[in-house]
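The primary structure of each chain is shown beneath.
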Amino acid sequence: MSALMPLAVFDFDGTLCPGDSIVSFLSFCIQEKLAKPSQLLKAGKGFFLQKTGRITPSYAKALTLSFLADHSVAEIRPYAQRFVRDVLKPRIYPDAQKWLDKLHTEGYHIMVVSASTDIYMQFLPEILPVDTVLSTVYEIQEGHLYTGRVLSNCRDQEKAVRIQAWYANHPQFAWPPALACGDSYHDIDMLHLSPHPVLVHPDAALQDAFPGAECLNWKRKASPSFLHMFR
């Protein structure tokens, strides 16, 4: 193994955890009375407008979590931590947890690169052996208030761009990533960075893009397709 530390890169939603965590976070915030039930209508509107090409995926995400506008980072932080601990942690695929634990023991630097929001994804290392998280960035104004807008949507090509930018500032890690793991076409650019792409529950199109790639089918089934709408 190289003297430089090896990196293992993972998508999150659908790869380590079934379903779409942004929709789950919205549901959690409605339950906690941070958001009104009508926010689900905004989320549905965002999904429809995105699918018909009338708005960007970034704006669809902004509509989904627009209730956060003018809430402070300090106010939302404990809710985000509890969401990760109480909602996401029980949903992690058991076999994925074992694999991450094994890679961590073997000395890999584990990175999660996700289109889900940094509002809660920043707390992923509290429940998994994850060293670095790159995720969709929500705008903060005056250093402490959420605006409800998306600054950087970490999906598709942006995933590869963010990984490469991170590498440029961390020369102690080996290039390219030793392995990259994802479950959808949104991960294709990221998967192409590694000589060892690993596909989780891949559809035919993803398998065709990476013929001969290792494929994994975790024991738990993914959530209904509605929960994948903002991926």
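Described below are features of the structure shown in this document. Going along each chain's sequence as written, the residues are numbered from 1 onward. Per-residue local features are limited, in this predicted model, to residues with pLDDT of at least 70; the limit for side-chain atom pairs, both in listing and counting, is 80 or more; totals at the level of whole chains, interfaces and linings are taken over all residues. Just so you know, side-chain values use all the structure's heavy atoms and leave hydrogens and water out.

A short note on the sheet that holds strand β2 (residues 109-117)
Through backbone hydrogen bonds, the strands of a sheet pair up, either in parallel or in antiparallel fashion.
And step 1. Strand pairing is assigned whenever DSSP detects at least two bridges linking the two strands. Counting from the N terminus, the helices are DSSP H or I runs at least four residues long and the strands are E runs at least two residues long. The mixed open sheet is built from seven strands, whose spatial order is β4-β3-β2-β1-β5-β6-β7. With one partner strand each, in any of the chains shown, β4 (145-152) and β7 (214-216) form the two edges of the open sheet. For this sheet the average axis-to-axis angle between neighbouring strands, irrespective of direction, equals 30 degrees.
And step 2. Strand direction decides the pairing type here: β2 and strand β3 (residues 132-141), joined by five bridges, are parallel. Paired with S114 across the two strands is S135, which belongs to β3. Working convention: axes come from line fits to C-alpha atoms, limited for helices to the stretch in contact. Angles between N-to-C directions cover 0 to 180 degrees.

Some words on helix α7 (residues 157-168)
Each α-helix turn comprises 3.6 residues. Residues three or four places apart therefore point the same way.
And step 1. Any helix carries an expected span of 1.5 Å times its number of residues minus one. Relative to the 16 Å expected for twelve residues at 1.5 Å per residue, α7 spans 17 Å between its end C-alpha atoms, a close match to the ideal helical length.
And step 2. The criterion used for residue contact is that any of the two residues' heavy atoms lie within 4.5 Å. Those residues of α7 hidden inside the fold are in contact with β1 (7-10), β2, β3, β4 and α8 (188-191).

Thoughts on the packing of aromatic side chains
And step 1. Stacked, tilted and edge-to-face are the three classes applied to pairs of Phe, Tyr and Trp rings, where Trp contributes its six-membered ring and a pair requires centres within 6.5 Å; stacked means planes under 30 degrees apart, edge-to-face means over 60, and tilted covers the rest. In this structure the tally under the stated criterion is ten aromatic pairs.
And step 2. When the centroid spacing of 5.1 Å and the interplanar angle of 65 degrees are considered together, the rings of F25 and F83 count as edge-to-face. Placement of the pair is F25 in helix α1 (residues 21-31) and F83 in helix α4 (residues 73-88), with a sequence separation of 58 residues. Note on accessibility: F25 and F83 belong to one class, buried.
And step 3. An aromatic cluster is defined as three or more aromatic residues linked by ring pairs; in this entry it consists of F10, Y93, W99 and W218. Relative accessibility thresholds used throughout: buried, under 20% of the residue-type maximum; exposed, over 50%; partly exposed, between the two (1.4 Å probe, protein chains only).

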